[in-house]
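Here's the letter readout for the chains.
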Amino acid sequence: AGANMYNYTLGRLLPDVLTTLSVHIGRLAFIATAGDVVWLWYAVQVVRISRIHDLMVHVERINCDLTTNVTLLAVYKFSLVLFSVPHWVGCAWLLISKFSDPAW
């Protein structure tokens, strides 16, 4: 357990802290300016994409564990796809609508 914590500290602690701070600073700036810096809010949300790598590593670690129930793992992966893909499509749709010309 100690070696895993050391590896986390070396590899992911700084990006996690920066991601968390940027999200909170972006939210505060968004609230303080009454929504005038919408682009900052979207930019901060994009930073959160770095968490996808952590999720992929976690799923791979579970997948390699021989004591994992295969049925539960299949349900987990299916539900991850079932909820993530429509969420990403919705986010892309919103982002495109914010920066496109509404006249078409």
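A short tour of the structure in this document, coming up. Treat the numbers as computed from the prediction; the structure is a model and nothing was measured.

Rules of the game
- Residues numbered from 1 in each chain as written.
- Predicted model: local features only at pLDDT ≥ 70, side-chain atom pairs only at ≥ 80, totals over all residues.
- Heavy atoms only, no water.
- 1 Å grid on protein atoms, 1.4 Å probe; cavity = no way out; pocket = protein on both sides within 12 Å on 5 of 7 lines; lining within 4 Å.
- Points joined across faces, edges and corners; volume = space filled by probe spheres on them.
- Helix = DSSP H or I, 4+ residues; strand = E, 2+ residues; numbered from the N terminus.
- Nonpolar A, V, L, I, M, F, W, Y, C, P; charged D, E, K, R; others polar.
- Patch = residues over 30% accessible without salt bridge, like charges linked within 9 Å, V, L, I, M, F, W, Y side chains within 5 Å.
- Areas by Shrake-Rupley, 256 points an atom, 1.4 Å probe, with all protein chains shown as cover.
- Salt bridge = Lys/Arg side-chain N within 4 Å of Asp/Glu carboxyl O.
- Buried < 20%, exposed > 50% of the residue type's maximum accessible area, 1.4 Å probe, protein only.
- Contact = heavy atoms within 4.5 Å.
- Expected span 1.5 Å × (residues − 1).
- Polar contact = N/O pair within 3.5 Å; in protein donor to acceptor, adjacent residues only side chain to side chain.

### Considering the layout of surface pockets
Okay, step 1: By volume, the largest pocket is sized at about 690 Å³.
Okay, step 2: Around the largest pocket sit 19 residues that line it, and Q45, V46, R48, I49 and C91 are the ones nearest its centre.
Okay, step 3: Broken down by secondary-structure element, the contributors of at least two residues to the lining of the largest pocket are helix 2 (13-32), helix 3 (38-47), helix 4 (51-64) and helix 5 (70-99).
Okay, step 4: Partitioned by chemical class, the residues of the lining of the largest pocket number eleven nonpolar, five polar and three charged.

### Quick notes on a nonpolar patch on the surface
Okay, step 1: A cluster of nonpolar side chains, V46, I49, I52, M56, V81, V85, W88 and V89, forms an exposed patch at the surface whose accessible area comes to about 750 Å².
Okay, step 2: Broken down by secondary-structure element, the contributors of at least two residues to the nonpolar patch are helix 4 and helix 5.
Okay, step 3: Counting residues per element, the nonpolar patch draws most heavily on helix 5, which supplies four residues.
Okay, step 4: Relative to the helices and strands, M56 resides in helix 4.
Okay, step 5: A relative accessible area of 55% places M56 in the exposed class.

### Quick notes on the environment of L80
Okay, step 1: Looking at the element boundaries, L80 is found in helix 5.
Okay, step 2: According to the relative accessible area criterion, L80 is partly exposed, its value standing at 26%.
Okay, step 3: Not counting residues within four places of it along the chain, the set of residues in contact with L80 comprises L55 and V59.

### Here we look at helix 5
Okay, step 1: Between its first and last C-alpha, helix 5 extends 43 Å over 30 residues, near the 44 Å set by a 1.5 Å rise per residue.
Okay, step 2: By the N-cap criterion, in which a side-chain oxygen at the helix start approaches the backbone nitrogen of a residue two or three places on, helix 5 is capped by N69, the distance to T71 being 3.1 Å.

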